[in-house]
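Close look at the chain arrangement
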Number of protein chains: 2
Amino acid sequence: MIDTPYLLFLGDAPDKLAAKVAQGIRDWRPEYALGQFRMEGCKADMGLTDMTLAEARAAGCKTLVIGVANRGGVISQSWKKVLIAALEEGFDLASGLHNLLRNEPDLAAVAKATGRKLHDVRVPSVAYPIANGVKRTGKRMLAVGTDCSIGKMYTALCIDKEMRARGAKATFRATGQTGILITGDGVPLDAVVADFMAGSVEWLTPDNDPDHWDLIEGQGSLFHVSYSGVTMALVHGGQPDALILCHEPGREHMRGLPDYQLPSLEALRDMALALARVANPACVVVGCAINTQKMTDDAALAYCAEIEAQMGLPTVDPFRHGAARLVDAMLAI
Amino acid sequence: MIDTPYLLFLGDAPDKLAAKVAQGIRDWRPEYALGQFRMEGCKADMGLTDMTLAEARAAGCKTLVIGVANRGGVISQSWKKVLIAALEEGFDLASGLHNLLRNEPDLAAVAKATGRKLHDVRVPSVAYPIANGVKRTGKRMLAVGTDCSIGKMYTALCIDKEMRARGAKATFRATGQTGILITGDGVPLDAVVADFMAGSVEWLTPDNDPDHWDLIEGQGSLFHVSYSGVTMALVHGGQPDALILCHEPGREHMRGLPDYQLPSLEALRDMALALARVANPACVVVGCAINTQKMTDDAALAYCAEIEAQMGLPTVDPFRHGAARLVDAMLAI
């Protein structure tokens, strides 16, 4: 569990895209994002107050979150200077970088000396159990996709936002490093050892109030041969009551797999539902979430209407149109 | 890769069942099993020549394989004495125990001093790639089951034996620790990090001659919620041309999951085939392998005949009846 609120470290980000972790925190947990720290030459701006480390501590920030990708897979000396100063100032550090903070001898030494924590969210920090499949109380929604990186996290976060706005009981359950940094907690599922994948998802989504919803961030796709095993662990470990089908029109092939076509939404529905019902016979598909980021407003609405007619399910771009209809469908179960 | 041939260490096995790894090697790779080493009080006997370490070295043994489970999860001092003497005598050690040999300071020190290898086959020793899904040359068979521990490894080994007897090109591909110790090579799939599972299976079953068959040891079950993600990685990473459905009649529930019933063979066929065709559209189900270990001869034959009529597929207990009909069906593809 990462202490909040955060100071977002944007470093020397060459552009806005490089700071997408910071953007995610800014968009989805603005209450955690008290300020930003930018180095000389930084081309990203979250529109937050620029703070020195001392100002951020005075404002109550507890963790410096690395919200930017590093260049060339190296944590540079110019970053190090800031990170070490932050530890000395009393911040914990949190990172989703491939290079682990803990593997940098200088950072590790200063963290030890100052008693601060280094959170490398790509690495599991818990000894997860093997899944036992026992039925748990409370409700669970899982977003499944026709492909990877198609909008599953955003769909779950949009639903989380809508449910919070309604005062409904809901918890976004992060299963990837961006989601973990956004919420401060979760399971880095792609880094879990095979035998414990489904168990880590059970651990992440425990017994809860009967009217509480866990909104589980999906990973991969049942139809993506590189990562389908990870998706399967979510379907069986998550015991979803509700599935939402995520899709982005216009992709020419599965991400990273030029020889593989995306499945139809019908194929995804049938496969995901059949598998989900092994763990929860009551599971239903409640709607479709379409990623229309590359479409005009009119085209987005028309496409969603078309899919709605085709699938007979509420269909929206939850980021563009809001998740109200998806939440309505979930609560109607 | 573990050097062969082996001296099988039976230790102080309390009974034959405790030595099932040794039994597997004895049954499936008798040419590797030159002798056995038994300590005082050992109740297991593989029917091999009892050898001292010196005799075994003289006979050409290169690796002492721990063919027995340890009691209480501890490598005892009485075992240690033999293992250290073996290293000093020039043996490598190989083990599938949960306690790793490398984590025992005395064994690690002696191995280092003598230049011998400690093979802990539960732990991956390779940096596996992420699966790329590219179609590979050669043929692949995968055994899939209605449950865990239902006979998938034995089915693949029986087919391997039959194909070797016919002079056909085939390689058993081990994916679990017993299989790895039997053949000296493989991937400990349940210990691989999630993102690399399917890639490790691709790595294990590379391009090969068009008429060569990889006989892939299955793991778990698509219907077993604890391990289904591992099975999924085999189905997609393995790109099987042929699936064989494995089943044992009479189980009251899924192994370790009292609330879960076994799926029908039809459900397994439909699910496994639909998923396998994502990676290989030409995949077919060629037969059923029934584990009839608890049945009389007559009952076993009658049950196989019943399943054969029901499924319209060649159906045998390959351990009891031989795998000839399954191999015929594979070669007829």
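Report on the accompanying structure. Note that the structure is a prediction, hence the values are computed from the model and not measured.

1. Considering the overall build of chain A
- Scanning chain A from N- to C-terminus turns up 12 helices and 11 strands.
- Taking 20 Å as the expected radius of gyration for a compact globule of 333 residues, we find that chain A reaches 20 Å, a close match to that expectation.
- By principal-axis analysis of the C-alpha atoms, chain A measures approximately 55 × 45 × 45 Å.
- For chain A, the proportion of its 333 residues judged to be buried stands at 59%.
- Of the contacts made within chain A by residues no fewer than 6 positions apart, 76% connect residues no fewer than 24 positions apart.
- Split by element, the accessible area of chain A, about 13,100 Å² in all, is 53% carbon and sulfur.
- When the 33 positive and 39 negative side-chain charges of chain A are each reduced to one mean point, those points stand 3 Å apart.

2. Notes on the sheet that holds strand β9 (residues 242-247) of chain A
Residues and elements named next belong to chain A.
- If you walk across this open sheet you meet the six strands as β7-β8-β6-β9-β10-β11, and the pairing is parallel. Where the open sheet ends on each side, the last strands, each with one partner, are β7 (170-173) and β11 (315-316).
- Two elements, strand β10 (residues 284-290) and β11, share two bridges in a ladder whose sense is parallel. Residue pairing across strands places A289 opposite V316, the latter belonging to β11.

3. Things to note about the nonpolar core
- A:M141, A:I159, A:M330, B:M141, B:I159 and B:M330 are the most contacted members of the largest nonpolar core, which totals 238 residues.
- Filtering out sequence-adjacent residues up to four positions away, B:M330 remains in contact with B:M141, B:I159, B:M163, B:W213, B:L215, B:A242, B:I244 and B:V286.

4. Section: the relation of the copies chain A and chain B
- When chain A is fitted to chain B, the best match, at an RMSD of 0.0 Å, comes from turning it 180° and sliding it 0.0 Å along the axis. Taken together, the rotation and translation relating the two chain copies correspond to the operation of a two-fold axis.
- The residues that chain A uses at the interface reappear at the interface of chain B in 100% of cases, marking a shared surface.

5. Focus: the pattern of salt bridges
- Counted according to the given criterion, the structure contains 42 salt bridges over all chains.
- B:E308 serves as the salt-bridge partner of B:R325, at 2.6 Å between the closest nitrogen and oxygen. Here B:R325, found in helix α12 (residues 324-331), pairs with B:E308, found in helix α10 (residues 297-311); they are 17 residues apart in sequence, far enough to count as distant.
- Judged by relative accessible area, which is 37%, B:R325 ranks as partly exposed.
- Beyond isolated ion pairs, a larger network of salt bridges with shared partners links A:R29, A:E31, A:D160 and A:R164.

6. Observations regarding the environment of B:P318
All names here are of chain B.
- If you trace the backbone, P318 turns up in helix α11 (residues 318-321).
- Judged by its relative accessible area of 7%, P318 is buried.
- Here the alpha-carbon distance between P318 and T155, two residues 163 residues apart in the chain, equals 6.1 Å.
- Excluding residues that lie within four positions of it along the chain, P318 makes contacts with T155, C158, A289, I290, A323 and L326.

7. A closer look at the interface of chain A and chain B
- With 32 residues of chain A in contact, the opposing surface of chain B contributes 32 residues.
- On the chain A side of the contact with chain B, A:D195, A:V225 and A:Y260 bury the most area, a combined 18% of that side's loss.
- Of the residues contributing to the side of chain A that touches chain B, the split by class is 22 nonpolar, eight polar and two charged.

8. Thoughts on the environment of B:L53
Residues and elements named next belong to chain B.
- Inspection of the secondary structure puts L53 in helix α2 (residues 53-58).
- Taking the C-alpha atoms as reference points, L53 and A86, separated by 33 residues in sequence, lie 6.4 Å from one another.
- For L53, the contacting residues outside a window of four places in its chain are L7, F37, L64, V82, A85, A86, E89 and F91.

9. With respect to the side chain of A:N99
- Positionally, A:N99 belongs in the loop between β4 (92-95) and α4 (105-114).
- At a separation of 3.2 Å, a polar atom in the side chain of A:N99 contacts the side chain of A:N70.

10. Overview of the state of the cysteines
- Counted under the stated rule, the structure contains zero disulfides over all chains.
- Free of any disulfide, A:C61 has its nearest cysteine sulfur in A:C42, 17 Å distant.
- Free of any disulfide, B:C304 has its nearest neighbouring cysteine sulfur in B:C288, separated by 9.1 Å.

11. Some words on unusual backbone geometry
Residue and element names in this part refer to chain A.
- Note the cis peptide between T4 and P5, where omega equals 0°.
- Among the structural elements, P5 can be located in the segment before β1 (6-11).
- Of note, the phi angle at Q239 is positive, near 45°, even though the residue is not glycine.
- Within the secondary structure layout, Q239 lies in the loop between α8 (228-237) and β9.
- For Q239, a relative accessible area of 0% puts it in the buried group.

12. Let's talk about the side chain of B:H212
All names here are of chain B.
- Within the fold, H212 resides in the loop between α7 (197-204) and β8 (213-216).
- In this structure the side chain of H212 is engaged in a polar contact, spanning 2.7 Å, whose partner is the side chain of T171.
- Sequence-distant contacts of H212, defined by excluding residues within four places in its chain, comprise G138, K139, K169, A170 and T171.

13. With respect to helix α8 (residues 228-238) of chain B
- Counting buried positions over the 11 residues of α8(B) gives 11, a clear majority of the element.
- Every buried residue of α8(B) is listed here: B:S228, B:G229, B:V230, B:T231, B:M232, B:A233, B:L234, B:V235, B:H236, B:G237 and B:G238.
- Among the structural elements, α7 (197-204) and α8 of chain A together with β6 (139-145), α7, β8 and α9 (265-279) of chain B are those in contact with the buried residues of α8(B).
- Looking at the residues trailing α8(B), positive phi occurs at B:Q239, about 45°.

14. Focus on empty space enclosed by the protein
- This structure, assessed with the given rule, holds one cavity of 30 Å³ or more.
- Taken as a whole, the largest cavity holds about 30 Å³ of empty space.
- Residue lining of the largest cavity: A:A194, A:M197, A:A198, A:A233, B:V225, B:S226, B:Y227, B:S228, B:G229 and B:V230, and that is the complete set.
- Going through the elements one at a time, α7 of chain A together with α8 of chain B are the ones with two or more residues in the lining of the largest cavity.
- Ranked by the residues each element gives to the lining of the largest cavity, the list is headed by α8(B), at three residues.

15. Here we look at the environment of B:A131
- Among the structural elements, B:A131 can be located in the loop between β5 (118-120) and β6.
- With a relative accessible area of 5%, B:A131 lands in the buried category.
- Each C-alpha atom, one on B:A131 and one on B:F9, is 37 Å from the other, the two residues being 122 residues apart in sequence.
- Not counting chain neighbours up to four residues away, the residues in contact with B:A131 comprise A:V225, A:S226, B:A198, B:G199 and B:E202.

16. What to know about α10(B)
All names here are of chain B.
- Across its 15 residues, α10 extends 21 Å between first and last C-alpha, which sits within 8% of the 21 Å expected from 1.5 Å per residue.
- Buried residues along α10 sit in contact with β9 (242-247), α9, β10 (284-290), β11 (315-316) and α11.
- Directly after α10, the chain includes G312, whose backbone phi takes a positive value near 65°.

Thresholds, definitions, all that
Residues numbered from 1 in each chain as written. Chains lettered and ligands numbered in written order. Predicted model: local features only at pLDDT ≥ 70, side-chain atom pairs only at ≥ 80, totals over all residues. Heavy atoms only, no water. Helix = DSSP H or I, 4+ residues; strand = E, 2+ residues; numbered from the N terminus. Rg over C-alpha atoms; globule rule 2.2 N^0.38 Å. Buried < 20%, exposed > 50% of the residue type's maximum accessible area, 1.4 Å probe, protein only. Contact = heavy atoms within 4.5 Å. Areas by Shrake-Rupley, 256 points an atom, 1.4 Å probe, with all protein chains shown as cover. Lys, Arg positive; Asp, Glu negative; His and termini not counted. Charge placed at Lys NZ, Arg CZ, Asp CG, Glu CD. Pairing = 2+ DSSP bridges. Core = buried A, V, L, I, M, F, W, Y, C linked by side-chain atoms within 4.5 Å. Least-squares fit on C-alpha atoms with pLDDT ≥ 70 in both. Salt bridge = Lys/Arg side-chain N within 4 Å of Asp/Glu carboxyl O. Buried area = accessible area lost by both parts, 1.4 Å probe. Nonpolar A, V, L, I, M, F, W, Y, C, P; charged D, E, K, R; others polar. Polar contact = N/O pair within 3.5 Å; in protein donor to acceptor, adjacent residues only side chain to side chain. Disulfide = S-S within 2.5 Å. 1 Å grid on protein atoms, 1.4 Å probe; cavity = no way out; pocket = protein on both sides within 12 Å on 5 of 7 lines; lining within 4 Å. Points joined across faces, edges and corners; volume = space filled by probe spheres on them. Expected span 1.5 Å × (residues − 1).

Don't take any of this as a statement about function, it's just geometry.
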